[in-house]
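Residue-level structure breakdown
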There are 2 protein chains.
Amino acid sequence: MSTAADLTSTSYALLGLLAVRPSTTYELAQQMDRTLSRFWPRARSKVYEEPRKLVDRGLAAAAEGAVGRRRRTVYSITPKGRRALAAWVAAPGQGPVLEFEQLMKVFFADNGTTDDIRRTLLDTRAWAHERTLVNVEVGRSYLEGRGLYPERAAVNMLVGRFLDDFLECLDRWAEWAGETIETWPERPRDAAADPVAMEHSVRQAEDRAARYEAPGGPDD
Amino acid sequence: MSTAADLTSTSYALLGLLAVRPSTTYELAQQMDRTLSRFWPRARSKVYEEPRKLVDRGLAAAAEGAVGRRRRTVYSITPKGRRALAAWVAAPGQGPVLEFEQLMKVFFADNGTTDDIRRTLLDTRAWAHERTLVNVEVGRSYLEGRGLYPERAAVNMLVGRFLDDFLECLDRWAEWAGETIETWPERPRDAAADPVAMEHSVRQAEDRAARYEAPGGPDD
DNA sequence: TTCTTCATGTAATTAGTTACATGATTGA
DNA sequence: TCAATCATGTAACTAATTACATGAAGAA
């Protein structure tokens, strides 16, 4: 058993899921898909790998079972695991990291056509829509009280709200951008930047900066 | 020279920067920091690696120079590179991928204290604020006409708007969440989920779904 | 002249992904 | 009884990161 120093955020992601309840790797993978994947996406194979690491560090325990001739491992968190998780929750975390290929294609759109942008924006909206439908499903199940783990309802609400706000932000932007480019010539490089729209962002950013520094700011 | 099949999005990121103008690796790295890093973050060493790959594929050319005893390579895009870039811009791209460790800490906050959440949310707001200040700087320079590459102004506006909208969304959420948890008990697991707040997200998502399917939707 | 910052890379390591393989279960 | 889907992993590969090394230029 080595020290816990080399645990990654992904390790704690799995540890956190085990803190909710003991699970098989399959159940962990399902939970990843339904929840964590929106803000901490990882490949399936990680879900099989990390718990073994947690066991090695003494943060989780593995109960070996079987289904027919197949192995079946149920993992559960240990007291030491709970302490490690609490320490991780209390420690500062990283801010959001965004990878947005479609936006990069918009950014380099002057090497293509305005129609390329249009198609990309439609893809973005379709993407947002698809996830929205899932959110509505999950959200309704909570409202109807079918949500499991009522002790997690309050934090789920905080997280769910962010995820939906993000989709709303994304969809509104793609809608606005789609309207904006409607009048553009075929080549984006020939389009003129609308000064009104340009001011909008700068003003919004300035207002936000003022809002942060004035009332609830850190020097307050 | 092998085929272009194994180029990654990161390869095209660098190729796109070279399409703006020929650059040294240092200049490419600067551009990455100032622009692409917000939606396609990559380590510095990639900026030295990828252009060589582009040259190998015939998409870029390298002009070897020197500063004193040191090598100095200026890369530029080739006609074949421009065609490849145009094809990439026209092809469908990936939707946004978000990695948000702070949100994950909120998600697992019932293993810690409400104060842990409070600190994390303050970190999030500080993070947003810092980037906001940079955006204001960059945005103002454009408004004042100091922006280089006027042919890129229109697309820059589209991208800049999204980046600022995202920061606005993030900051508003963190502010709201901070107010929400003010009345929570020490243990988040003892907090009750506010049914009004819970409905907000679901309704917002439903409205968005309706908005998508009704007017500008794909079956239209 | 020395210190700091700017500039240009290479090497070693790793976190993560993709592809593969196969047993168990269910329903037509 | 056959096909589809659910379930449980392993192996190979790679994109990307971190750490290291050092020359050039400018400032004190």
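Parameters at a glance
Residues numbered from 1 in each chain as written. Chains lettered and ligands numbered in written order. Predicted model: local features only at pLDDT ≥ 70, side-chain atom pairs only at ≥ 80, totals over all residues. Heavy atoms only, no water. Helix = DSSP H or I, 4+ residues; strand = E, 2+ residues; numbered from the N terminus. Buried < 20%, exposed > 50% of the residue type's maximum accessible area, 1.4 Å probe, protein only. Contact = heavy atoms within 4.5 Å. Salt bridge = Lys/Arg side-chain N within 4 Å of Asp/Glu carboxyl O. Near = heavy atom within 4 Å. Polar contact = N/O pair within 3.5 Å; in protein donor to acceptor, adjacent residues only side chain to side chain. Nonpolar A, V, L, I, M, F, W, Y, C, P; charged D, E, K, R; others polar. Buried area = accessible area lost by both parts, 1.4 Å probe. Expected span 1.5 Å × (residues − 1). Least-squares fit on C-alpha atoms with pLDDT ≥ 70 in both. 1 Å grid on protein atoms, 1.4 Å probe; cavity = no way out; pocket = protein on both sides within 12 Å on 5 of 7 lines; lining within 4 Å. Points joined across faces, edges and corners; volume = space filled by probe spheres on them. Domains from an automatic or database assignment.

1. Some points on the overall build of chain A
If you tally the helices and strands in chain A, you get eight helices and four strands. Starting at the N terminus and walking to the C terminus, you meet the elements of chain A as α-β-α-α-β-β-α-β-α-α-α-α. Overall, chain A is about 65 × 50 × 40 Å in size when its C-alpha atoms are taken along their principal axes. Residues counted as buried form 50% of the 220 residues belonging to chain A. Sequence-distant contacts, at least 24 apart, represent 61% of the contacts inside chain A between residues at least 6 apart.

2. What to know about the pattern of salt bridges
Summed over all chains, the structure comprises 39 salt bridges over all chains. Between B:Asp164 and A:Arg208 there is a salt bridge, with its nearest N and O atoms 2.7 Å apart. Of this pair, B:Asp164 sits in helix α7 (residues 153-181) while A:Arg208 sits in helix α8 (residues 195-213), which puts the two residues in different chains. Comparing B:Asp164 with A:Arg208, the two get one shared label, buried. Each of A:Arg125, A:Asp164, A:Glu168, A:Asp171, A:Arg172, A:Glu175, B:Arg208 and B:Arg211 takes part in a single network of salt bridges with overlapping partners.

3. What about the protein's contact with DNA strand C?
DNA strand C sits among 21 residues. The nearest are A:Ala43, A:Arg69, A:Arg70, B:Tyr26 and B:Arg70. Per the 4 Å cut-off to the protein, sugar and phosphate atoms form 64% of the nearby atoms of DNA strand C. A distance of 2.5 Å is found between a base nitrogen of DNA strand C and a side-chain nitrogen or oxygen belonging to A:Arg70. For DNA strand C, a phosphate oxygen lies 2.8 Å from a polar atom in the side chain of B:Arg52. Counting only elements with at least two residues in the surface near DNA strand C, the list comes to α3 (44-56) of chain A together with α2 (25-34), α3 (44-56) and β3 (70-77) of chain B. In terms of residue count, β3(B) provides more of the surface near DNA strand C than any other element does, four residues in total.

4. Structural notes on the protein's contact with DNA strand D
Close to DNA strand D lie 21 residues, the nearest being A:Tyr26, A:Arg70, B:Ala43, B:Arg69 and B:Arg70. Close to the protein, within 4 Å, the atoms of DNA strand D are drawn from sugar and phosphate at a rate of 64%. One of the side-chain nitrogen or oxygen atoms of B:Arg42 is found 2.9 Å away from a phosphate oxygen of DNA strand D. Listed by contribution, the elements that provide at least two residues to the surface near DNA strand D are α2 (25-34), α3 and β3 (70-77) of chain A together with α3 of chain B. Per element, the largest residue contribution to the surface near DNA strand D is four residues, and it comes from β3(A). Residues belonging to the surface near DNA strand D are distributed by class as follows: five nonpolar, eight polar and eight charged.

5. Points about the interface of chain A and chain B
On the chain B side, the residues contacting the 105 residues of chain A number 105 residues. Summed over both partners, the interface of chain A with chain B buries about 10700 Å², with 65% contributed by carbon and sulfur atoms. For the pair chain A and chain B, the interface holds 15 salt bridges. On the surface where chain A and chain B come into contact, there are 44 residue pairs in polar contact (both at pLDDT 80 or more). Going through the elements one at a time, α1 (9-20), α4 (79-90), β4 (97-99), α5 (101-107), α6 (114-143), α7 (153-181) and α8 of chain A are the ones with two or more residues in the side of chain A that touches chain B. Across the side of chain A that touches chain B, the residue classes tally to 59 nonpolar, 18 polar and 28 charged.

6. So, α4(A)
The terminal C-alpha atoms of α4(A) lie 17 Å apart, and with twelve residues this matches the ideal 16 Å at 1.5 Å per residue to within 8%. Looking at the buried side of α4(A), the elements it contacts are α1 and β3 of chain A together with α5 (101-107) and α6 (114-143) of chain B.

7. Comments concerning the relation of the copies chain A and chain B
Least-squares fitting of chain A to chain B yields an RMSD of 0.0 Å, with the superposition described by an axial translation of 0.0 Å and a rotation of 180 degrees. Look at the turn and shift together and you get a two-fold axis relating the two. Considering only C-alpha atoms, the part of chain A nearest the rotation axis is A:Leu98, at 2.4 Å. Comparing interface residues between copies, 100% of those in chain A also lie at the interface in chain B; the contact surface is shared.

8. A word on empty space enclosed by the protein
Here the structure, examined in full by the defined rule, presents one cavity of 30 Å³ or more. Its boundaries defined by the atoms lining it, the largest cavity holds a volume of some 30 Å³. In terms of lining, the largest cavity is formed by A:Lys105, A:Val106, A:Ala109, A:Asp116, A:Ile117, A:Thr120 and B:Val89. Counting residues per element, the ones that place at least two in the lining of the largest cavity are α5 and α6 of chain A. Considering every element that reaches the lining of the largest cavity, the biggest residue donor is α6(A), with three residues. The residue makeup of the lining of the largest cavity, split by class, is four nonpolar, one polar and two charged.

9. Here we look at the domain arrangement of chain A
Residue and element names in this part refer to chain A. Partitioning chain A into domains gives domain 1 (9-89) and domain 2 (101-213). On a C-alpha basis, the centroid separation for the pair domain 1 and domain 2 is 32 Å. The interface is formed by five residues belonging to domain 1 together with seven residues belonging to domain 2. Summing the contributions of domain 1 and of domain 2, the shared interface buries around 580 Å²; its carbon and sulfur component is 63%. Area buried by domain 1 at its contact with domain 2 is led by Val20, Arg38 and Phe39, which between them contribute 76% of it. Summed over the shared surface of domain 1 and domain 2, the result is zero salt bridges. Our count for the contact surface shared by domain 1 and domain 2 stands at two residue pairs in polar contact (both at pLDDT 80 or more). Considered class by class, the residues forming the side of domain 1 that touches domain 2 number two nonpolar, no polar and three charged.

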